[in-house]
Amino acid sequence: MLSKVRPSVENLAVYVPGKPIEEVQRELGLTQVIKLASNENPWGPSPRALQAISKALSEIYLYPDANAQDLKESLGSELAVDANQIIIGNGSEEIVQMIAKTFVDPGDEVVMAAPSFPRYQTVTEMMAGISREVMLVDYRHDLLTMAQQITSRTKVIFVCNPNNPTGTIVTETELDEFMRQVPADILVVFDEAYYEYVADPSFVSGLKYLKDGRRVLILRTFSKAYGLAGLRLGYGIGDAAVIDMLNRVREPFNGNLLAQVAAQAAWLDKEHLQQVLQNTAAGLQQLTQGLARLGLQAIPSHTNFFLVDVGQPSPEVFQALLRQGIIIRPGHLFGYANAIRVTVGTTEQNQAFLQALTGILRR
Ligand SMILES: *Cc1c(COP(=O)(O)O)cnc(C)c1O
């Protein structure tokens, strides 16, 4: 071990990202590779975002607006919050890290579901905090048990809604009950990275509790439905006092110049967003029906991905799909030995996936 490194860093798990397309092409000598592993949006961003990037290219010798004022005002006017209630992140993952830096001292506790987004645990442990993980029940957050985990050391609770990797939601009724049990001074973080995809009327955004005056922070991103994962831009919405504290640990120029202009243009193109949501819903249906023909039932998803038990060890199914140029996420990485997580692709990509999976499961 390297001397003088903080033990809480030495013990951290290194994030395992979805396998990049180029790596699979190189390793397997394939030209056609389909990536359905990282919940990216295969239709890409609004053409208006691309235009905004082209226009801004000649300006990249300048530092970006450290305050991202234009973008925050655009977001705020539609969300009915002030610009000072919004924080920008280099991806919403960066805001997850800011939360830990702001709230978690050594020995402090953070409550989260498992399996859920792995960064909550990593950033907590990076700060020498203690993660209190509560197993999902029926693939959904067990909010009542999460509330029971609260102690005098609890600083933050993460609720990933919809949850990654399961695609499930918790309902408004369940959240109302949960919020009644959470002391007013604990920060509840609603990670709503897949918010745009949700159509179920029983869902409610954490914004509701912000408007009730509760200490909550809502995380959203341009990486998924807005198709800008490569540029890295996420945002948090909260009480101005919470945002003020987060801003103290934020890197001053964390929202890069191209990301800021692209996000703002993408935000204003609701037509493109609607098209993406329609395409995703159709793709999810295509995949659900295709899986049903194989006798498989995916967990009903409120996102652009789904988890499905394929009845075979997921590393083997992952490798077999990979050999056919299709990258998915094997479920053993998050504790589902026989399940795979698959992102909704284009009609052709979904078809290729279903065909490959059919061959693999029939062997
Ligand atoms: C993809 C994802 C994010 C977004 O990450 P960015 O850093 O904004 O790209 C955040 N939370 C969850 C649960 C996700 O799946």
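On a predicted model such as this, the values are computed, not experimentally measured, just so you know.

How should helix H3 (residues 47-56) be read in this particular structure?
In an α-helix there are 3.6 residues to a turn, and that puts residues three or four apart on one side. Taken as a whole, H3 has its buried residues at Ala49, Ala52, Ile53 and Ala56. Along the axis of H3, the buried residues cluster in a sector spanning 100°; they form a single face. Seen from the buried face of H3, the exposed residues on the opposite side, beyond 90 degrees, are Gln51 and Lys55. Elements that come into contact with the buried residues of H3 comprise helix H11 (257-268). Where H3 starts, the residue carrying a side-chain oxygen 2.9 Å from the main-chain nitrogen of Arg48 turns out to be Ser46.

Got a minute to help me understand the sheet that holds strand E12 (residues 339-343) in this structure?
Where strands meet in a sheet, backbone hydrogen bonds hold them as pairs that are either parallel or antiparallel. The strand order across the open sheet built from three strands is E9-E12-E11, with neighbouring strands paired in antiparallel fashion. At either margin of the open sheet sits one strand with a lone partner, and together these are strand E9 (305-309) and strand E11 (329-330). For E11 and E12, the ladder comprises two bridges, and the chain directions are antiparallel. Across the sheet, the residue bridging to Arg329 is Arg341, located in E12.

Just to check I follow, could you spell out the pattern of salt bridges for this structure?
Opposite charge on two side chains permits them to pair, given that their charged atoms come into close proximity. Counted under the stated rule, the structure contains 15 salt bridges. Glu174 serves as the salt-bridge partner of Arg140, at 2.7 Å between the closest nitrogen and oxygen. Placement of Arg140 in the loop between strand E4 (130-135) and helix H7 (143-148) and of Glu174 in helix H8 (residues 172-181) is noted, with a sequence separation of 34 residues between them. For Arg140, a relative accessible area of 26% gives the class partly exposed. With relative accessibility at 29%, the residue Glu174 sits in the partly exposed group. For the salt bridge of Lys208 with Glu172, the shortest nitrogen-to-oxygen distance reads 2.6 Å.

How should the sheet that holds strand E7 (residues 216-221) be read in this particular structure?
Read from one edge to the other, the open sheet built from seven strands follows the order E2-E8-E7-E6-E5-E3-E4, with strand pairing classed as mixed. Only two strands of the sheet have a single partner each, and these edge strands are strand E2 (86-89) and E4. Shown here is a sheet whose adjacent strand axes are inclined to one another by a mean of 20°, direction ignored. Both strand E3 (residues 109-114) and strand E5 (residues 154-160) contribute to a ladder of three bridges, which runs parallel. Looking at the pairing, Val111 lines up with Ile157 of E5. The sheet strands contacting helix H4 (residues 69-79) are E2, E7 and strand E8 (234-238), and the helix crosses E2 at an angle near 130°.

Help me understand unusual backbone geometry in this model?
Peptide bonds are, in most cases, trans, and in most cases residues other than glycine have a negative phi. Cis geometry marks the peptide bond from Asn161 to Pro162, where omega comes out at 0°. With respect to the secondary-structure elements, Pro162 resides in the loop between E5 and H8. The residue after Asn164, namely Pro165, is reached through a cis peptide bond having omega 20°. Tracing the sequence through the fold places Pro165 in the loop between E5 and H8. Here the phi dihedral of Lys4 falls at roughly 70°; this positive angle occurs in a residue that is not glycine. Topologically, Lys4 is positioned in the segment before helix H1 (7-10).

How do you make sense of the packing of helix H12 (residues 270-293) against helix H14 (residues 347-362) when you look at a structure like this?
Axis angle and axis distance: for two packed helices, these are the angle between their axes and the distance between the axes, and together they describe the pair. It is the contact of H12 with H14, at a shortest axis distance of 10 Å, that shows an interaxial angle of 15°. One way to sum up the angle between H12 and H14 is to call them roughly parallel. Both H12 and H14 take part in a crossing whose hand is right-handed. Counted together, Gly283, Gln286, Leu287, Gly290 and Leu291 of H12 and Thr347, Asn350, Gln351, Phe353, Leu354 and Leu357 of H14 form the full contact between these two elements.

So what exactly am I meant to see when it comes to a nonpolar patch on the surface here?
The grouping of Leu2, Val5 and Val9 at the surface amounts to a nonpolar patch, some 240 Å² of accessible area in total. If you trace the backbone, Val9 turns up in helix H1. A residue is classified by how much of its surface remains accessible, and Val9, at 36% relative accessible area, is partly exposed.

Could you clarify how one ought to interpret the packing of aromatic side chains in this entry?
Think of a pair of aromatic rings as described by two things: how far the centres are apart, and how the planes are tilted against each other in angle. A complete count under the given rule lists 13 aromatic pairs for this structure. A centroid spacing of 5.9 Å and a plane angle of 15° characterise the contact between Phe190 and Tyr209, whose relative ring orientation is stacked. Taken together, the residues Phe190 in strand E6 (residues 187-191) and Tyr209 in helix H9 (residues 207-211) connect sequence positions 19 residues apart. Taken individually, Phe190 and Tyr209 each receive the classification buried, so the pair is uniform in this respect. Measuring from ring centre to ring centre gives 6.2 Å for Phe222 and Trp267, while their planes differ by 65°; the resulting arrangement is edge-to-face. Linking Phe222 in the loop between E7 and E8 with Trp267 in helix H11, this pair joins segments that are 45 residues apart in sequence. Trp267 gets classed as buried once you look at its relative accessible area, which sits at 3%. Ring pairing ties together the aromatic residues Phe222, Tyr226, Tyr235 and Trp267, which thus form one cluster. Of note, Lys270 hangs over the ring of Trp267, and the distance from its end group to the ring centre comes to 3.6 Å. Here the basic side chain of Arg341 rests over the ring of Phe305, its NZ or CZ set 5.6 Å away from the ring centre.

Conventions we followed
- Every chain is numbered independently, its residues counted from 1 as its sequence is written.
- Thresholds applied to this predicted model are a pLDDT of at least 70 for local features of residues and 80 or more for the giving and counting of side-chain atom pairs; totals over whole chains, interfaces and linings are not thresholded and use all residues.
- Side-chain calculation: all heavy atoms of the structure are included, whereas hydrogens and water are not.
- Only protein chains enter the accessibility calculation, which uses a 1.4 Å probe; a residue is then buried when its area is under 20% of its type maximum, exposed when over 50%, and partly exposed in between.
- Only DSSP runs of H or I reaching four residues or more are called helices, and only runs of E reaching two or more are called strands; each is numbered from the N terminus.
- In this description, one arc is meant: the one made by directions from the helix axis to the C-beta atoms.
- Note on contacts: a residue pair qualifies if any of its non-hydrogen atoms lie within 4.5 Å across the two residues.
- Throughout this description, a polar contact denotes any pair of N or O atoms lying within 3.5 Å of each other; where both atoms belong to protein, one of them has to be capable of donating a hydrogen while the other can accept it, and for residues adjacent in sequence the pair is counted only when both atoms sit in side chains.
- Note on pairing: DSSP must find at least two bridges between two strands before they are called paired.
- Just to be clear on terms, a salt bridge is a Lys or Arg side-chain nitrogen sitting within 4 Å of an Asp or Glu carboxyl oxygen.
- For helices, the fitted line uses only the C-alpha atoms of the stretch in contact; every axis is such a line through C-alpha atoms, and the angle between N-to-C directions lies from 0 to 180 degrees.
- For classification purposes, angles smaller than 35 degrees are called roughly parallel, those larger than 145 roughly antiparallel, those between 65 and 115 roughly perpendicular, and all remaining angles oblique.
- Helix crossings fall into two classes, left-handed where the near helix is turned counterclockwise from the far one by less than a right angle and right-handed where it is turned clockwise.
- Patch building starts from residues that exceed 30% relative accessible area and form no salt bridge, then joins like charges within 9 Å and nonpolar side chains (Val, Leu, Ile, Met, Phe, Trp, Tyr) within 5 Å.
- Each accessible area is a Shrake-Rupley estimate made with a 1.4 Å probe; only the visible protein chains count as cover when residues are assessed.
- Classification of ring pairs uses Phe, Tyr and Trp, with its six-membered ring standing for Trp, and accepts pairs whose centres are within 6.5 Å; under 30 degrees between planes counts as stacked, over 60 as edge-to-face, and the remaining range as tilted.
- Note on geometry: a ring has a charge over it if NZ (lysine) or CZ (arginine) is within 6 Å of the ring centre and within 35 degrees of the ring normal.

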